[in-house]
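One-letter residues, chain by chain:
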Amino acid sequence: MNAFPSPPPSSSSPPNLTLFTHSKNPNYLFKFSLKVPILPLPCCSLRDLSSSTSVLEKNVISIEDSSSNAVLDKKSNFEGGLVVRRPVMESPGGEDSGEEEELKEEVVEDDKPKASAIDAGLKKFAKKMPIFEPARVESDSKERPLTVNLDLALYRAKILTRKFQYEEAESILQKCILYWPEDGRAYVALGKIFCKQSKTGKAREIYEKGCQATQGENSFIWQCWAVLEKNMGNVRKARELFDASTVADKRHVAAWHGWAVLELQQGNIKKARNLLAKGLKYCGQNEYIYQTLALLEVRANRYQQARYLFNQATQCNPKSCASWLAWAQMEVEQENYRAARQLFEKAVQASPKNRFSWHVWGLFEAKLGNIDKGRMLLKIGHALNPRDAVLLQSLALLEYRQSTANLARALFRRASELDPRHLPVWFAWGWMEWKEGNLNTARELYQKALSVDSTSESAARCLQAWGVLEQRAGNLSAARRLFRSSLNVNSQSYVTWMTWASLEEDQGNSVRAEEIRDLYFQQRTEVVDDASWVMGFLDIIDPAIDRLKRLFKLDPNSYNMPLDTFRNISSISNGDEIDDADGESNFDLDAFIKERLSLDLSKLEVQFGTPKLSSEKRSQSSGRIWRSNNRIAKV
């Protein structure tokens, strides 16, 4: 039974929409009827519906009120029913007549669903967009290469950099940055290339760009940028960049070590120790940090602590040639020559091609009077590193003292050809010419040396030597200017201050000489180090502090220990006992050279046997150098 009866529907009345609902009483069901009016569809063209123009407007089908085009639906028998009309295209003859015919064929097909005019218009509009055309998209966009190509490109750039082909390497690295902007290795490599070419402005720009591209999360870029600013003398900026590098990655040991070295250069010893301790805390054991700490102990005359730290460095990396050499140099200063020689042997075994090991060892033997052995060591180093000018420079000085000036002069000339930017070569050559009495030649060589660099410590020594030359020649005013210029570069040079004071005293100006000596002591920078810091640091790096206390016999009043402690430290590390007893070493240098380096000692004289160093002679001697694994290093 209906609660609200409704009248029967008629064709003239609008249809009813019936809604059913439930009341609170479950026995009743309510029914609502709503009248929904239907508006008649006007028989007009679709163009009349809107006055705005669009891309689809040209393809809109016009509907005309014609009885021939009107088709009534078979299911509708009433007068007001909906009318489905067949779309009729505009009259042909225009520019779009061909397109309209295609559209008509697509819209009206037998046995297929009829597509609307809007879909057809959208299809035509889509053809005009390049995003829907694969050929055009591929031509406009650049596909990103595989990641393996980045590694290959970086390696190729590294090889080109070693060959001094900076332009080709720069081009490769720029492409790497274009395709992989989020990878920091390309920025670091490109910045180093700019630094080698003294393009500091470009290097700074590329580092800044790399930090922005990596969102400041690459600690290597920050660290390289900090080193650049440190070398430029921007200490404050370098500190900020080192700090940013440690924030980006606190396990980046190079940032901690570089920052500590910066503080050491500024005389902040305690700050440097603190940074090195943090490096060990966050990064673990590292040979560079141990080596720097050991050098600090040597500077403070705490040699047994330094030996322990050097031993820790060599334990971290037995192949670390720098640690062995630094340890050996400390023993040379302490006149422990036997121990120093054994450490030099370990250095060359750890890194046979390292030029520093052969160089320092050769100078050490020459200083002890072993001239032939020292000469042989320097020649071996040059055979392994034919492009190194430092080895030739030291060999030239050795030959000048032991043989003739002509041979030394030829070696200096060869060294200057290998590296014209190496200041000590010009400086040493000028000193030799001064000793030979060629004052004008010596002045020219000193001037070339200062044209290379006028702000380094080597430049200060060159200015001091030039001042002595002018003093001996009687040009006292020029000598004073040169001494003053040398002190402007390095005010801590004791030799320069005393040489200037001696000049004034020789001229009878004793008061002026005393003033110069007083000035030296007034401006001298004294490094004050805290010895109590050692105990706290040893607590950090080694939990077995009781054993170390017994080993070092540390107490507040004594930092000197017997020599046998050195033997104990070495035996703890690797079982090899390094002592200072007299006797021959077990290391066979000749067998090592033949078996490990494949060098023939009898053929080393070809490179240095004649003072004539023509291009033809160099080409002949270039093949007689170190051969290892079928590789030939040419000069």
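Residues numbered from 1 in each chain as written. Predicted model: local features only at pLDDT ≥ 70, side-chain atom pairs only at ≥ 80, totals over all residues. Heavy atoms only, no water.

Going by an unreviewed UniProt entry, the chain carries the name Protein high chlorophyll fluorescent 107 and comes from Crotalaria pallida.

*Asks:* Account for the overall build of the chain, naming residues and giving values.
*Replies:* A tally of helices and strands in the chain yields 30 helices and six strands. Going through the 635 residues of the chain one by one, you find that 39% of them count as buried. For the chain, the exposed area adds up to about 37,700 Å²; of that, 50% sits on carbon and sulfur atoms. (Helix = DSSP H or I, 4+ residues; strand = E, 2+ residues; numbered from the N terminus. Buried < 20%, exposed > 50% of the residue type's maximum accessible area, 1.4 Å probe, protein only. Areas by Shrake-Rupley, 256 points an atom, 1.4 Å probe, with all protein chains shown as cover.)

*Asks:* Account for helix α5 (residues 166-179), with residues named and values stated.
*Replies:* Its 14 residues place the ends of α5 20 Å apart at the C-alpha level, agreeing with the 20 Å of an ideal helix rising 1.5 Å per residue. Buried-residue contacts for α5 involve α4 (148-162), α6 (185-196) and α7 (200-213). (Expected span 1.5 Å × (residues − 1). Contact = heavy atoms within 4.5 Å.)

*Asks:* Could you give me a rundown of the nonpolar core, with the residues and numbers involved?
*Replies:* Ranked by internal contacts, the top residues of the largest apolar core, which has 81 residues, are Tyr207, Phe310, Phe344, Trp358, Trp361 and Leu597. Examining the composition of this core, we find that seven residues originate from one element, helix α14 (residues 321-333), more than from any other. Tyr207 has contacts with Tyr187, Val188, Gly191, Lys192, Cys195, Ile221, Cys224, Trp225 and Leu228, leaving out every residue within four places of it along the chain. Counting 51 residues, the second largest nonpolar core, distinct from the first, contains Phe412, Ala428, Ala479 and Trp497. (Core = buried A, V, L, I, M, F, W, Y, C linked by side-chain atoms within 4.5 Å.)

*Asks:* Please provide a residue-by-residue account of a nonpolar patch on the surface, values included.
*Replies:* Taken together, the side chains of Leu146, Val148 and Leu152 define a hydrophobic patch exposed on the protein surface, amounting to about 310 Å² of accessible area. Take Leu152: its relative accessible area is 54%, and that puts it in the exposed class. (Patch = residues over 30% accessible without salt bridge, like charges linked within 9 Å, V, L, I, M, F, W, Y side chains within 5 Å. Salt bridge = Lys/Arg side-chain N within 4 Å of Asp/Glu carboxyl O.)

*Asks:* I'd love a proper account of the packing of helix α10 (residues 253-265) against helix α12 (residues 287-299), names of residues and values included.
*Replies:* Packed helices, taken two at a time, are described by the angle between their axes plus the distance between the axes. Between α10 and α12, whose axes approach to 10 Å, the crossing angle comes to 20°. One finds that α10 runs roughly parallel with respect to α12. Handedness of the crossing formed by α10 with α12: left-handed. On the side of α10, the interface is formed by Val253, His257 and Leu264, while α12 contributes Tyr288, Ile289, Thr292 and Leu296. Looking at the contact of α10 with α12 residue by residue, the classes come out as five nonpolar, two polar and no charged. (Axes fitted to C-alpha atoms, helices over the stretch in contact; angles between N-to-C directions. Parallel < 35°, antiparallel > 145°, perpendicular 65-115°, else oblique. Left-handed = near helix turned anticlockwise from the far one by under 90°. Nonpolar A, V, L, I, M, F, W, Y, C, P; charged D, E, K, R; others polar.)

*Asks:* A description of unusual backbone geometry should follow, citing residues and the corresponding values.
*Replies:* Positioned with a positive phi, Phe164 is a non-glycine residue whose angle comes to about 65°. Locating Phe164 in the fold gives a position in the loop between α4 and α5. Its identity is not glycine, yet Ser198 carries a phi of approximately 60°, on the positive side. Tracing the sequence through the fold places Ser198 in the loop between α6 and α7. Since its relative accessible area comes to 58%, Ser198 is described here as exposed.

*Asks:* For the packing of helix α22 (residues 457-473) against helix α23 (residues 476-489), give the residues involved together with the corresponding values.
*Replies:* The geometry of α22 relative to α23 is characterised by a closest axis approach of 8 Å and an angle of 165° between their N-to-C directions. Between α22 and α23, the angle falls in the class roughly antiparallel. Two packed elements cross with a definite hand, and for α22 against α23 that hand is left-handed. Seen from α22, the contacting residues are Ala460, Leu463, Gln464, Trp466, Gly467, Val468, Glu470 and Gln471; seen from α23, they are Leu476, Ala478, Ala479, Leu482, Phe483, Ser485, Ser486 and Val489. Within the contact of α22 with α23, the residues separate by chemical class into 10 nonpolar, five polar and one charged.

*Asks:* So what about the packing of aromatic side chains? Which residues, and what values?
*Replies:* Following the criterion strictly, the structure yields 20 aromatic pairs and no others. For the ring pair Trp426 and Trp429, a centre distance of 6.1 Å and an interplane angle of 15° mean the geometry is stacked. One end of the pair, Trp426, and the other, Trp429, are both in helix α20 (residues 423-435), three residues apart, so they sit about a helical turn from each other. We classify Trp429 as buried; its relative accessible area is 10%. Taken together, a centroid distance of 5.1 Å and an interplanar angle of 65° make the contact between Tyr520 and Phe521 edge-to-face. Classification of Tyr520 as buried rests on a relative accessible area of 8%. Grouping aromatic residues by their ring pairs yields a cluster made of Tyr337, Phe344, Trp358, Trp361, Phe364, Phe587 and Phe592. One cation-aromatic arrangement involves Lys435 over Trp434; the distance from NZ or CZ to the ring centre is 4.7 Å. (Phe/Tyr/Trp six-rings, centres within 6.5 Å; stacked < 30°, edge-to-face > 60°. Lys NZ or Arg CZ within 6 Å of the ring centre and 35° of its normal.)

*Asks:* Mind laying out a positive patch on the surface, listing which residues take part and the relevant values?
*Replies:* On the surface, a cluster of positive charge is made up of Lys250, Arg251, Lys271, Lys278 and Lys281. Residue position: Lys281 is located in helix α11 (residues 269-283). A relative accessible area of 61% means that Lys281 is categorised as exposed. (Lys, Arg positive; Asp, Glu negative; His and termini not counted. Charge placed at Lys NZ, Arg CZ, Asp CG, Glu CD.)

*Asks:* Explain the pattern of salt bridges to me, using residue names and the numbers behind them.
*Replies:* This model, assessed by the stated rule, comprises 20 salt bridges. Measuring nitrogen to oxygen at the nearest pair gives 3.7 Å for the salt bridge that ties Glu457 to Arg461. Within this pair, Glu457 and its partner Arg461 are both found in helix α22, separated by four residues, close to a single helical turn. According to the relative accessible area criterion, Arg461 is partly exposed, its value standing at 42%. Arg517 is paired through a salt bridge with Glu514; the nearest N and O atoms lie 3.8 Å apart. Of this pair, Arg517 and Glu514 both sit in helix α25 (residues 510-523), three residues apart, which is roughly one turn of that helix. Take Glu514: its relative accessible area is 40%, and that puts it in the partly exposed class.

*Asks:* A description of the UniProt feature "repeat: TPR" (unreviewed entry) in the chain should follow, citing residues and the corresponding values.
*Replies:* In this structure's numbering, the residues bearing the UniProt feature "repeat: TPR" (unreviewed entry) are residues 287-320 and 321-354. As annotated, residues 287-320 has a helix share of 79% and a strand share of 0%, and its two end C-alpha atoms lie 7 Å apart. Each end of residues 321-354 is marked by a C-alpha atom, and these two atoms are 8 Å apart; helix forms 79% of the span and strand 0%. (UniProt positions renumbered as here; feature names shortened; annotations may be inferred.)

*Asks:* Just give me the short version of the environment of Glu505, but keep the residues and values in it.
*Replies:* Among the secondary structure elements, Glu505 is positioned in helix α24 (residues 494-506). Classification of Glu505 as partly exposed rests on a relative accessible area of 43%. With residues near it in sequence (within four places) discarded, Glu505 still touches Ala513 and Arg517.

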